[in-house]
Amino acid sequence: VQLQACGGGLVQAGGSLRLSCAASGSIRVISTMGWYRQAPGKQRELVAVIARDGSTNYADSVKGRFTISGDSAKNAVFLQMNSLKPEDTDVYYCSAFLMTTDGWKSFWGRGTQVTVSS
């Protein structure tokens, strides 16, 4: 199973970016997909997650600004980030908890850099 993320970049404060992530491989069922972020020297933290039933959960710091959505047919998840702030600058990682032929496992994509200039 592989997670391919894209959509990071450089944007001015107040701007928007959209991250995309698609899972591929021997996938039977996806339970959750989400986005995490990590700054150098800090722990990886949850940004937003979406479950198979469509329920979502957000970090308090992004509520009202970020929106997570999914496309189950494409095994994809998206993160629309609006009103970006310099403190949103981080490496963002896509994650999925899913069932493969070997059972339930967690997978991570390569990070994508998001830089917000002030």
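For the structure given in this document, a descriptive report is provided here. All of these numbers come straight from a predicted model, not from anything done at the bench. Residue numbers run consecutively from 1 along every chain, following the written order of its sequence. Where totals are concerned, whole chains, interfaces and linings use all residues; where local detail is concerned, this predicted model gives features only for residues with pLDDT of at least 70, and gives and counts side-chain atom pairs only at 80 or more. Side-chain measures were taken over the full set of non-hydrogen atoms in the model, leaving aside hydrogen atoms and water.

1. Digging into the nonpolar core
Within the largest apolar cluster, 30 residues are counted, with the highest numbers of intra-cluster contacts made by Met33, Trp35, Leu79, Met81 and Tyr92. For helices the rule is a DSSP run of H or I covering at least 4 residues; for strands it is a run of E covering at least 2, with both sets numbered from the N terminus onward. Counting residues per element, the ones that place at least two in this core are strand E1 (2-6), strand E3 (17-24), strand E4 (29-38), strand E5 (45-51), strand E7 (66-71), strand E8 (76-81), strand E9 (90-100) and strand E11 (112-117). Beyond its immediate stretch of four places on either side in the chain, Leu79 contacts Leu17, Arg18, Leu19, Trp35, Val47, Ala48, Phe66, Thr67, Ile68 and Tyr92. Remark: nonpolar core denotes a set of buried residues (Ala, Val, Leu, Ile, Met, Phe, Trp, Tyr, Cys) joined through side-chain atoms within 4.5 Å. Note on exposure labels: buried denotes an accessible area under 20% of the residue type's maximum, exposed denotes more than 50%, and partly exposed covers the range between, all computed with a 1.4 Å probe on protein chains only. Between two residues, a contact is recorded if the distance between any of their heavy atoms is within 4.5 Å.

2. Description of the environment of Ala96
By secondary structure assignment, the location of Ala96 is in strand E9. For Ala96, a relative accessible area of 2% gives the class buried. Each C-alpha atom of the pair Ala96 and Gln4 lies 11 Å from the other, and the pair is 92 residues apart in sequence.

3. Concerning the state of the cysteines
Covalent bonding between the sulfur atoms of two cysteines defines a disulfide. The definition used for a disulfide is geometric: two cysteine sulfur atoms within 2.5 Å. Summed over the entire model, instances satisfying the criterion amount to 1 disulfide. Across the disulfide, Cys21 is cross-linked to Cys94 (sulfur-sulfur distance 2.0 Å). Between Cys21 and Cys94, the S-S torsion sits near -85°, and that sign places the bridge as left-handed. Here the residue Cys21 occupies a position in strand E3, and Cys94 occupies one in strand E9, the gap between them amounting to 73 residues. Here Cys21 and Cys94 have matching classes, each one buried. For the unlinked cysteine Cys6, the closest cysteine sulfur is that of Cys21, found at 8.5 Å.

4. Some thoughts on the environment of Gly103
Checked against the element boundaries, Gly103 lands in strand E10 (residues 103-108). The exposure class of Gly103 is partly exposed, given its relative accessible area of 22%. Separated by 74 residues in sequence, Gly103 and Val29 place their C-alpha atoms 9.9 Å apart.

5. So, the pattern of salt bridges
Each salt bridge in this description consists of a side-chain nitrogen of Lys or Arg and a carboxyl oxygen of Asp or Glu lying within 4 Å of one another. Scanning the entire structure with this criterion turns up 6 salt bridges. Between Lys63 and Asp60 there is a salt bridge, and its shortest N-O distance comes to 3.1 Å. Looking at Lys63, the relative accessible area reads 49%, which means it is partly exposed. With its nearest N and O atoms 2.7 Å apart, the salt bridge here joins Asp88 to Arg65. Placement of Asp88 in the loop between E8 and E9 and of Arg65 in the loop between strand E6 (56-58) and E7 is noted, with a sequence separation of 23 residues between them.

6. Brief notes about the pairing of E10
Strand pairing is defined by DSSP finding a minimum of two bridges between the two strands. Both E9 and E10 contribute to a ladder of 6 bridges, which runs antiparallel. Bridging from a neighbouring strand, Phe97 pairs with Ser106 of E10. As consecutive antiparallel partners, E9 and E10 are separated by 2 residues.

7. A closer look at the sheet that holds E7
Reading across from one edge, E1-E3-E8-E7 is the order of the 4 strands in this open sheet, with antiparallel pairing throughout. Edge positions in the sheet fall to E1 and E7, since each of these pairs with one other strand and no more. The mean inter-strand angle of the sheet, taken between neighbouring strand axes irrespective of direction, is 15°. Summarising the sheet, E1 and E3 pair through 5 bridges and their orientation is antiparallel. Note on E3: the bridge partner recorded for Cys6 is Ser20. Between N-to-C directions, angles cover 0 to 180 degrees, with each direction set by a line fitted to C-alpha atoms, over the stretch in contact for helices.

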